[in-house]
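The chain contents come next:
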Amino acid sequence: VDFQVKVRGSRIEPGETEAALREQPGVRDCVVVVREDVPGEKRLVAYVVGAEEVGGLRPALRERLPEYMVPAAFVAMDALPLSPNGKTDRRALPAPDGSRPELGEAYVAPRDEVEEALVEIWERGIGVRPIGVRDNFFEIGGDSLVALGIVGQVQRRWGCEIPLSTMVLEGTVEDMARSVRQGVRLLEKAATPLVPIQPNGTGPALFCPHPDGDGRLVCYLNLVRHLGGENPVYGLQDYGLYGPELGLEERAARFVEAMREVQPSGPYHLLGWSFGGHVAFEMARQLEEAGEETALLVIVDTATPELLRPLVPLLVERAEALPGHRGFVRALAGYDRPWSYGGRMVLFRCEDFVLNDGSAADLAMAEHPTYGWSERCTAPIVLHRVAGNHHTMLGEPNVRVMAEHLRRHLAAAAGA
């Protein structure tokens with residue numbers, strides 16, 4: 001308990017990471033601590049005695065531990081410093097020098113201005129240098145939070161949205177530079193909300209409407225990464241194409257039209273989190289009405305409009321400070337037809353429900369087993385409870401549980 005620490009919202013017991021390290025070949029001793037060498041940036045650092053090369057320790061730990069328990073840096077030492085009473089002197093542990101770890105891939109220097117700029121962004125975000133243009137993002141200490149920051153910096157610098165697959169699949173500066181050079185600005189390239197998150201795979205494609213008012217899809221990055229490469233995954237992102245005041249039914253209709261650009265007919269597979277859950281439901285309902293099959297509808301932690309409607313005034317008030325969000329809350333408030341759906345639905349709900357204001361409506365939503373969807377669906381609902389709250393259920397390590405369930409449901413839908 002004395003050594004439990006909190007890093008980026010996750011409570012960590014370094015002893016568990018140390019135990020996993022001691023089981024690696026050649027490791028004679030180790031200690032794992034949290035350092036804050038840059039104010040406000042805490043990170044986990046491992047000091048290792050005995051291992052000839054520490055570069056191979058990160059991928060080995062990633063196979064055994066959740067992402068947030070894998071150290072951001074590894075420091076090789078001849079011996080751990082000891083205090084006069086014979087215990088590890090943690091204050092005497094040196095700061096990581098930020099040097100590039102030994103990797104299987106040889107170092108390749110940047111070859112043009114785009115790669116040089118991206119390397120600088122990566123080195124600043126990960127805290128490692130030098131970074132080669134073919135170094136894998138996750139092998140050199142990157143994580144999902146750093147990835148989101150890098151994607152944001154790229155957008156601000158070049159004004160373009162890069163495919164999330166460059167971070168999820170290949171994850172190198174070379175891949176990202178290729179996207180930047182192409183000038184990938186999806187709004188200008190084609191007036192479509194369809195975003196290829198993971199375009200490859202032989203299994204059925206999964207389509208994911210954006211979750212909230214800013215229309216972004218980065219929240220799905222971890223889920224797609226743990227889902228594996230079997231299924232293509234496409235996001236449906238607003239990008240300001242339609243405007244925040246568009247009704248939910250019309251938005252769903254346009255998303256269905258965009259989805260059919262890559263898959264003209266069913267069966268379809270849909271997943272939506274938060275506001276995206278309502279859009280996914282309406283898309284499935286419209287497809288059903290048109291005689292098309294939705295083999296799998298996955299809704300992630302959102303309640304029916306009936307249960308949410310009493311909370312709309314509070315949600316609108318909170319959305320005032322978030323440009324673009326208010327229109328989406330109004331779209332939900334206007335989605336008032338008692339539609340029903342007869343297809344297969346899988347519902348993921350969080351274990352730690354966070355009350356908005358403690359009202360009767362809020363409590364009713366928290367206590368309803370299926371968030372009200374059983375009144376909208378004529379077929380039985382498959383319910384999964386996932387650790388965490390509305391936001392952390394899509395973070396590590398909870399997202400791994402979701403991905404495992406989702407893989408199984410996609411395989412079952414494809415088999416059926």
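The structure reproduced in this document is the subject of the present report. Since this is a predicted model, take the numbers as computed values, not measurements. Each chain has its residues counted from 1, running along the sequence as written. The predicted origin of the model limits local features to residues at a pLDDT of at least 70 and limits the giving and counting of side-chain atom pairs to 80 or more, whereas totals for whole chains, interfaces and linings rest on all residues. Just so you know, side-chain values use all the structure's heavy atoms and leave hydrogens and water out.

## Describing the pattern of salt bridges
Each salt bridge in this description consists of a side-chain nitrogen of Lys or Arg and a carboxyl oxygen of Asp or Glu lying within 4 Å of one another. In total, this model carries 15 salt bridges according to the counting rule given. For glutamate 174, the salt bridge identified is with arginine 111, shortest N-O distance 3.0 Å. Of the two residues, glutamate 174 is situated in helix H6 (residues 173-181) and arginine 111 in the loop between strand E5 (73-77) and helix H3 (113-126); the sequence distance between them amounts to 63 residues. Accessibility here uses a 1.4 Å probe with only protein chains present; expressed as a share of the type maximum, an area under 20% marks a residue as buried, one over 50% as exposed, and anything in between as partly exposed. The partly exposed category is assigned to arginine 111, whose relative accessible area is 45%. Ionic pairing is found between arginine 134 and glutamate 174, a salt bridge with its closest N-O pair at 3.3 Å. Placement of arginine 134 in the loop between H3 and helix H4 (144-158) and of glutamate 174 in helix H6 is noted, with a sequence separation of 40 residues between them. Take arginine 134: its relative accessible area is 37%, and that puts it in the partly exposed class. Given a relative accessible area of 18%, glutamate 174 falls into the buried group. Each of Arg111, Glu115, Arg134 and Glu174 takes part in one network of salt bridges that share partners. Secondary structure counts use DSSP, requiring at least four H or I residues in a row for a helix and at least two E residues in a row for a strand, with both numbered from the N terminus.

## Focus: the packing of H3 against H6
At a minimum axis separation of 9 Å, H3 and H6 run at an interaxial angle of 125°. Considering their axes alone, H3 and H6 lie oblique with respect to each other. The interaxial crossing formed by H3 with H6 has right-handed handedness. Together, Val114, Glu115, Leu118, Val119 and Trp122 of H3 and Val173, Glu174, Met176, Ala177, Val180 and Arg181 of H6 make up the contact between the two elements. In this count, Pro and Cys sit with the nonpolar residues alongside Ala, Val, Leu, Ile, Met, Phe, Trp and Tyr, while Asp, Glu, Lys and Arg are called charged and the others, Gly among them, polar. Here the residues of the contact of H3 with H6 are counted per class, giving eight nonpolar, no polar and three charged. Whenever a helix is involved, its axis is fitted only over the stretch in contact; in every case the axis is a line through C-alpha atoms, and angles between N-to-C directions fall within 0 to 180 degrees. Here the word oblique covers every angle except those under 35 degrees (roughly parallel), over 145 (roughly antiparallel) and from 65 to 115 (roughly perpendicular). For any helix crossing, the convention is left-handed if the near helix is rotated counterclockwise from the far helix by under a right angle, and right-handed if that rotation is clockwise. We call two residues in contact when some of their heavy atoms are within 4.5 Å.

## So, the sheet that holds E5
A sheet is described by the order of its strands in space; here three strands give the open sequence E3-E4-E5, paired in mixed fashion. Since the sheet does not close on itself, it has two edges, and those belong to strand E3 (29-38) and E5, each with one partner. Neighbour to neighbour, the strand axes of the sheet diverge by 30° on average, direction disregarded. Only strands that DSSP links by at least two bridges are regarded as paired with each other. Pairing of E3 with strand E4 (residues 41-49) involves eight bridges; the strand directions are antiparallel. Within E4, the position partnered with aspartate 29 by the bridge is valine 49.

## What to know about helix H9 (residues 248-259)
Working rule for helices: expected span equals 1.5 Å times residues minus one. Along its 12 residues, H9 runs 16 Å from first to last C-alpha, staying within 8% of the 16 Å computed at 1.5 Å per residue. All of the buried residues along H9 are Leu248, Arg251, Ala252, Phe255, Val256, Ala258 and Met259. The buried residues of H9 occupy one face: seen down the axis, they fall within an arc of 160°. The arc in question is the one traced by the directions running from the helix axis out to the C-beta atoms.

## Observations concerning helix H15 (residues 398-415)
For H15, which comprises 18 residues, the first-to-last C-alpha distance of 27 Å matches the rise-based estimate of 26 Å (1.5 Å per residue) to within 8%. All of the buried residues along H15 are Asn398, Val399, Met402, Ala403, His405, Leu406, His409, Leu410 and Ala413.

## Notes on unusual backbone geometry
Residue proline 267 is reached from glycine 266 by a cis peptide bond, and omega for that bond is 5°. Mapped onto the secondary structure, proline 267 falls in the loop between H9 and strand E9 (268-273). At the junction of glutamate 396 and proline 397, the peptide bond is cis and its omega measures out at -5° in the coordinates. With phi around 55°, aspartate 301 is a residue other than glycine that occupies positive phi space. Tracing the sequence through the fold places aspartate 301 in the loop between strand E10 (294-300) and helix H11 (305-308). Assessed through its relative accessible area of 6%, aspartate 301 is described here as buried. One non-glycine residue, tyrosine 371, lies in positive phi territory at about 55°. Mapped onto the elements of the fold, tyrosine 371 is located in the loop between helix H14 (360-367) and strand E12 (381-386).

## Concerning the environment of arginine 385
Looking at the element boundaries, arginine 385 is found in strand E12. Separated by 35 residues in sequence, arginine 385 and cysteine 350 place their C-alpha atoms 5.7 Å apart. Sequence-distant contacts of arginine 385, that is, excluding residues within four places in its chain, are made with Arg349 and Glu351.

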